Amino acid sequence: KTVSYALVEGLLKDQSDDDEALPAGKGKRLRREAWLPHGVDDAKEFEIESAEHVKLPPFEAQPDEEGWLPPSADRPIYCSVRNHVHARWRANPHSWLSVDDAAEHIQAKHRPLVAAAHAYLTRHGYINFGVAPDVAWPVAQAAKRAAGAGGPAAFAPAGSAPAGASGKAVL
């Protein structure tokens with residue numbers, strides 16, 4: 001199938017002039033996306049290859065995707081967004097891809113499609129498998145406990161004492 005790359009280009013936000021410019025053929029120049037893996041210059045091609053790599057049809061929604069889409073979603077735009085979200089994660093599969101990170105280069109009016117694609121891809125194991133989201137642990141509270149209770153003893157369960165806390169030498 002053929003796809004209109006004008007449609008795909010219309011989804012992306014304008015990039016700043018300080019990005020590295022690369023030739024795109026026929027006298028037109030595109031900018032290299034900063035999120036692309038080293039050695040990859042064409043974001044659209046990488047997005048299509050990423051979808052094909054996991055057996056997602058790049059230009060069609062899967063039958064089970066329909067339930068994840070907003071009611072008035074434009075299917076070709078959704079597929080382009082879905083391919084972009086998957087490619088973003090595939091570019092760095094050792095880190096959790098949040099909806100905000102996935103939507104970073106997509107126009108705001110398409111954010112509901114980014115959220116739908118992210119939810120579908122995460123739920124069905126296409127992205128974010130084997131990694132966990134960053135969790136903000138209450139570091140200040142832990143530091144306060146450690147300082148007030150004398151280090152590791154602050155982390156011991158109530159009523160127990162860490163090894164050597166009884167005053168006897170531990171050999």
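Below: a short report on this structure. (Residues numbered from 1 in each chain as written. Predicted model: local features only at pLDDT ≥ 70, side-chain atom pairs only at ≥ 80, totals over all residues. Heavy atoms only, no water.)

So, a negative patch on the surface
In step 1: Residues Asp42, Glu45, Glu49 and Glu52 make up a contiguous surface patch of negative charge.
In step 2: Relative to the helices and strands, glutamate 52 is located in helix α2 (residues 43–53).
In step 3: Judged by its relative accessible area of 45%, glutamate 52 falls in the partly exposed class. (Patch = residues over 30% accessible without salt bridge, like charges linked within 9 Å, V, L, I, M, F, W, Y side chains within 5 Å. Areas by Shrake-Rupley, 256 points an atom, 1.4 Å probe, with all protein chains shown as cover. Salt bridge = Lys/Arg side-chain N within 4 Å of Asp/Glu carboxyl O. Lys, Arg positive; Asp, Glu negative; His and termini not counted. Charge placed at Lys NZ, Arg CZ, Asp CG, Glu CD. Helix = DSSP H or I, 4+ residues; strand = E, 2+ residues; numbered from the N terminus. Buried < 20%, exposed > 50% of the residue type's maximum accessible area, 1.4 Å probe, protein only.)

Considering the packing of helix α3 (residues 75–91) against helix α5 (residues 111–123)
In step 1: Taken N-terminus to C-terminus, the directions of α3 and α5 make an angle of 55 degrees; their axes are 9 Å apart at the nearest point. Considered as vectors, α3 and α5 are oriented oblique to each other. Here α3 runs over α5; the crossing is right-handed. Touching Ile77, Tyr78, Val81, Arg82, Val85 and His86 of α3 are Leu113, Val114, Ala116, Ala117, His118, Tyr120 and Leu121, all from α5.
In step 2: A class-by-class count of the residues in the contact of α3 with α5 yields 10 nonpolar, 2 polar and 1 charged. (Axes fitted to C-alpha atoms, helices over the stretch in contact; angles between N-to-C directions. Parallel < 35°, antiparallel > 145°, perpendicular 65-115°, else oblique. Left-handed = near helix turned anticlockwise from the far one by under 90°. Contact = heavy atoms within 4.5 Å. Nonpolar A, V, L, I, M, F, W, Y, C, P; charged D, E, K, R; others polar.)

A look at the environment of valine 131
In step 1: With respect to the helices and strands, the residue valine 131 is situated in the loop between α5 and α6 (139–149).
In step 2: In this structure, the C-alpha to C-alpha distance between valine 131 and tryptophan 96, residues 35 residues apart in sequence, is 5.9 Å.

Observations regarding unusual backbone geometry
In step 1: In this model, lysine 55 sits at a positive phi of 65 degrees, which is unusual for a non-glycine residue.
In step 2: Residue placement: lysine 55 occurs in the loop between α2 and α3.
In step 3: For asparagine 128, which is not a glycine, the phi torsion comes out positive at approximately 60 degrees.
In step 4: Summarising the element assignment, asparagine 128 is placed in the loop between α5 and α6.

Some remarks on the packing of aromatic side chains
In step 1: Within this structure, the stated rule accounts for 3 aromatic pairs.
In step 2: An angle of 75 degrees between the planes, with centres 6.1 Å apart, marks the rings of tryptophan 68 and tyrosine 120 as edge-to-face. Residue tryptophan 68 is located in the loop between α2 and α3, and its partner tyrosine 120 is located in helix α5; the two are separated by 52 residues in the primary sequence.
In step 3: Assessed through its relative accessible area of 1%, tyrosine 120 is described here as buried.
In step 4: The interplanar angle of 25 degrees and the centroid separation of 6.0 Å between the aromatic rings of tyrosine 120 and tyrosine 126 together place this pair among those described as stacked. In this pair, the class of tyrosine 120 matches that of tyrosine 126, namely buried. (Phe/Tyr/Trp six-rings, centres within 6.5 Å; stacked < 30°, edge-to-face > 60°.)

Looking at the environment of glutamate 47
In step 1: You can see glutamate 47 is positioned in helix α2.
In step 2: Residue glutamate 47 is classed as buried on the basis of its relative accessible area of 6%.
In step 3: Through-space distance from the C-alpha of glutamate 47 to that of valine 81 is 9.3 Å; in sequence the pair is 34 residues apart.
In step 4: A polar side-chain atom of glutamate 47 sits 2.7 Å from a polar atom in the side chain of histidine 84. (Polar contact = N/O pair within 3.5 Å; in protein donor to acceptor, adjacent residues only side chain to side chain.)

Concerning the nonpolar core
In step 1: In terms of nonpolar packing, the biggest core is built from 24 residues, with Tyr78, Val81, Val85, Val114 and Leu121 touching the most fellow members.
In step 2: Going through the elements one at a time, α3 and α5 are the ones with two or more residues in this core.
In step 3: The contacts of leucine 121, once residues within four sequence positions are left out, are Leu56, Arg82, Val85, His86, Tyr126 and Ile127. (Core = buried A, V, L, I, M, F, W, Y, C linked by side-chain atoms within 4.5 Å.)

Looking at the pattern of salt bridges
In step 1: Considering all chains together, one arrives at 4 salt bridges under this definition.
In step 2: Here arginine 82 ties to glutamate 65 by a salt bridge, and the two come within 2.8 Å at their closest N and O atoms. Linking arginine 82 in helix α3 with glutamate 65 in the loop between α2 and α3, this pair joins segments that are 17 residues apart in sequence.
In step 3: The salt bridge involving glutamate 66 is made with arginine 75; its shortest N-O contact spans 2.8 Å.
In step 4: Judged by its relative accessible area of 34%, glutamate 66 falls in the partly exposed class.
In step 5: Here arginine 75 falls in the partly exposed class, since its relative accessible area comes to 33%.

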